[in-house]
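# Structure assessment
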Amino acid sequence: MNRRPRFWRAALTVAWKDLLTEWRSREAFSAMLVFALLVIFIFNFALELKPAARAEISAGILWVTLCFAGALGLNRAWVSEKDRGCLDGLLLAPVDRAALYFGKLFSGWLILMLIAAVLLPIYGLLYNQNLILPGLLLFIALGVEGYLAVGTLLAAMAVQARSRDLLLPVLLFPVTLPALIAAVKASSTLLSGLPWVDVQPWLMLLLAFDLIFTVVAWLAFDIVMEE
Amino acid sequence: MEQSEIHPGQRTQRILDIAAALAVLGALAVVIFYAPLEATMGAVQKIFYFHLSAAWAGMLSFMIAAIAGGIYLARRQTRWDQLSLSAVEVGLVLMLMAIVGGSIWARQAWNTWWTWDPRLTTVTIMELVYLAYFLLRQGVDDPERRARFGAVYAVVGFLSVPLMYLSIHLYRTIHPLLLGSSASDGMQLAPRMTQTLLISLAAFSVLLAALLYRRVRLARLADTLDALRQQMD
């Protein structure tokens with residue numbers, strides 16, 4: 001009976017720990033943000049973004065940027081735990097290990113959402129396009145959740161392998177592709193001002209991905225963390 | 001006695017090998033001599049039989065890999081991991097055959113080597129998923145952990161396949177494609193073509209069984225060798 005509140009309290013504690021260490025060092029956040037801005041600038045020159053073409057591919061650029069920054073953040077979150085020996089401590093804690101998963105997922109999600117919160121206005125400013133739309137924010141929230149739901153599980157595996165930071169993107173990108181496609185299409189449909197009916201299938205797909213993979217990763221996390 | 005202990009399952013192996021060789025050669029003969037020549041495409045159309053069969057066997061193999069991975073996670077018996085790993089490897093090869101064959105077919109049918117057709121794209125991304133699977137296994141030294149991680153990734157990777165197909169399919173139907181992506185949906189098969197197709201499918205299923213059996217035996221021997229090496233040290 002007492003188990004549920006304890007579980008979520010443990011998850012929140014893990015998330016709080018992550019966010020606090022991040023707040024004190026700002027290591028991952030600043031690196032991810034600068035990296036994300038650089039990616040946008042690279043796209044600007046690589047694709048020669050003209051005003052007409054821009055509206056259509058804004059969503060794509062934003063999502064590629066978020067994915068790259070997210071992979072960077074995931075690596076950081078787990079490598080620092082492993083290198084400083086914190087992971088053993090966390091695993092020894094007398095709580096359900098799934099709580100660790102949800103804690104990590106939540107802190108990662110919040111950090112990436114903060115990155116997006118900075119990125120959207122800057123992108124809008126650079127390209128004179130209003131991106132602060134409630135619909136877009138919803139898609140980003142859902143897309144980032146799906147991406148990190150798988151990412152948190154795979155990063156926990158990758159960090160225990162030899163070529164860890166090299167391995168994660170290779171493992172992560174093909175599996176999360178459906179979420180990425182759905183998020184990009186939902187966002188670009190919204191940004192091109194098409195009616196909500198056109199957005200709906202993508203939203204459903206995104207929700208299905210989030211649901212399926214959060215549950216699967218939650219169940220598999222215990223197995224990955226066995227020692 | 002000594003012989004069969006070192007090479008367990010050699011008899012079954014031999015039977016399967018011969019059956020697979022006969023089945024594939026037989027199917028090839030049927031494709032060449034029995035199947036009718038397609039009116040517009042001619043002989044190139046005959047690739048289709050082996051292309052579809054290889055894709056079917058590859059898909060089946062990936063499914064076996066995911067199921068065996070799931071069973072491994074539940075029971076933790078090494079043989080399920082051996083089966084899962086073998087099925088991924090065999091599936092990769094068969095799928096590659098399907099992609100290359102399909103590409104040659106597409107060149108003739110649609111005048112392009114590659115189209116971003118949902119099935120083709122999904123299958124190619126699957127290949128990437130399972131290549132990543134090998135990279136993951138390579139990076140883990142502890143055999144127990146390698147098996148565990150491999151099984152988790154085989155299951156997660158396979159689960160993303162239906163969603164992948166759905167998303168790419170939606171992507172394509174909303175943006176109509178110039179090249180008919182559903183060309184084979186509307187394809188009418190003559191009875192002789194259907195028969196040939198079924199024979200090829202059966203032949204490739206036997207081939208899959210033979211390859212899988214061989215690969216599992218190899219995995220088992222490799223594990224035995226590892227164990228012996230550790231005894232020596």
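### What about the overall build of chain B?
Along chain B, the regular secondary structure elements total seven helices and zero strands. Buried positions account for 43% of the 233 residues belonging to chain B. Of the roughly 12300 Å² of accessible surface on chain B, a fraction of 67% belongs to carbon and sulfur atoms.

### Regarding the confidence of the model for chain B
Residues and elements named next belong to chain B. Chain-level statistics for chain B give a pLDDT mean of 85 and a share of 89% at 70 or above. The secondary structure element of chain B with the lowest average pLDDT is helix 1 (residues 2-6), at 51, and the one with the highest is helix 3 (residues 47-75), at 92. Ignoring residues within four places in sequence, the model shows residues 176-186, a span with pLDDT below 50, making twelve contacts including any to other chains. Overall fold confidence (pTM) sits at 0.87, and the ipTM for the predicted complex is 0.88.

### Comments concerning the packing of helix 3 of chain B against helix 4 (residues 78-109) of chain B
All names here are of chain B. The interhelical angle for the contact between helix 3 and helix 4, taken along N-to-C directions, is 160 degrees, at an axis separation of 7 Å. Taken together, helix 3 and helix 4 sit at an angle that is classed as roughly antiparallel. Between helix 3 and helix 4 the crossing geometry is left-handed. Across the contact of helix 3 with helix 4, the residue classes tally to 24 nonpolar, nine polar and two charged.

### Quick word on the interface of chain B and chain A
Facing 30 residues of chain B, the contacting portion of chain A comprises 30 residues. Buried area between chain B and chain A, both sides added, is near 2700 Å², and the carbon and sulfur share of it is 75%. Three residues, Phe149, Val156 and Leu163 of chain B, lead the burial of chain B against chain A; their summed loss comes to 20% of the area buried on that side. For the pair chain B and chain A, the interface holds three salt bridges. For Arg162 of chain A, the salt bridge is made with Asp141 of chain B, and the minimal N-O distance between the two is 2.6 Å.

### Remarks on the environment of Tyr72 of chain B
Residue and element names in this part refer to chain B. Mapped onto the secondary structure, Tyr72 falls in helix 3. Look at Tyr72 and you get buried, because its relative accessible area is 5%. Taking the C-alpha atoms as reference, Tyr72 lies 30 Å from Leu52; in sequence the two are 20 residues apart. With sequence-adjacent residues up to four places away left out, Tyr72 is seen in contact with Gln77, Thr78, Trp80, Asp81, Glu144, Ala147, Arg148 and Ala151.

Parameters and conventions
- Residues numbered from 1 in each chain as written.
- Chains lettered and ligands numbered in written order.
- Predicted model: local features only at pLDDT ≥ 70, side-chain atom pairs only at ≥ 80, totals over all residues.
- Heavy atoms only, no water.
- Helix = DSSP H or I, 4+ residues; strand = E, 2+ residues; numbered from the N terminus.
- Buried < 20%, exposed > 50% of the residue type's maximum accessible area, 1.4 Å probe, protein only.
- Areas by Shrake-Rupley, 256 points an atom, 1.4 Å probe, with all protein chains shown as cover.
- pLDDT = per-residue confidence, 0-100.
- Contact = heavy atoms within 4.5 Å.
- Axes fitted to C-alpha atoms, helices over the stretch in contact; angles between N-to-C directions.
- Parallel < 35°, antiparallel > 145°, perpendicular 65-115°, else oblique.
- Left-handed = near helix turned anticlockwise from the far one by under 90°.
- Nonpolar A, V, L, I, M, F, W, Y, C, P; charged D, E, K, R; others polar.
- Buried area = accessible area lost by both parts, 1.4 Å probe.
- Salt bridge = Lys/Arg side-chain N within 4 Å of Asp/Glu carboxyl O.

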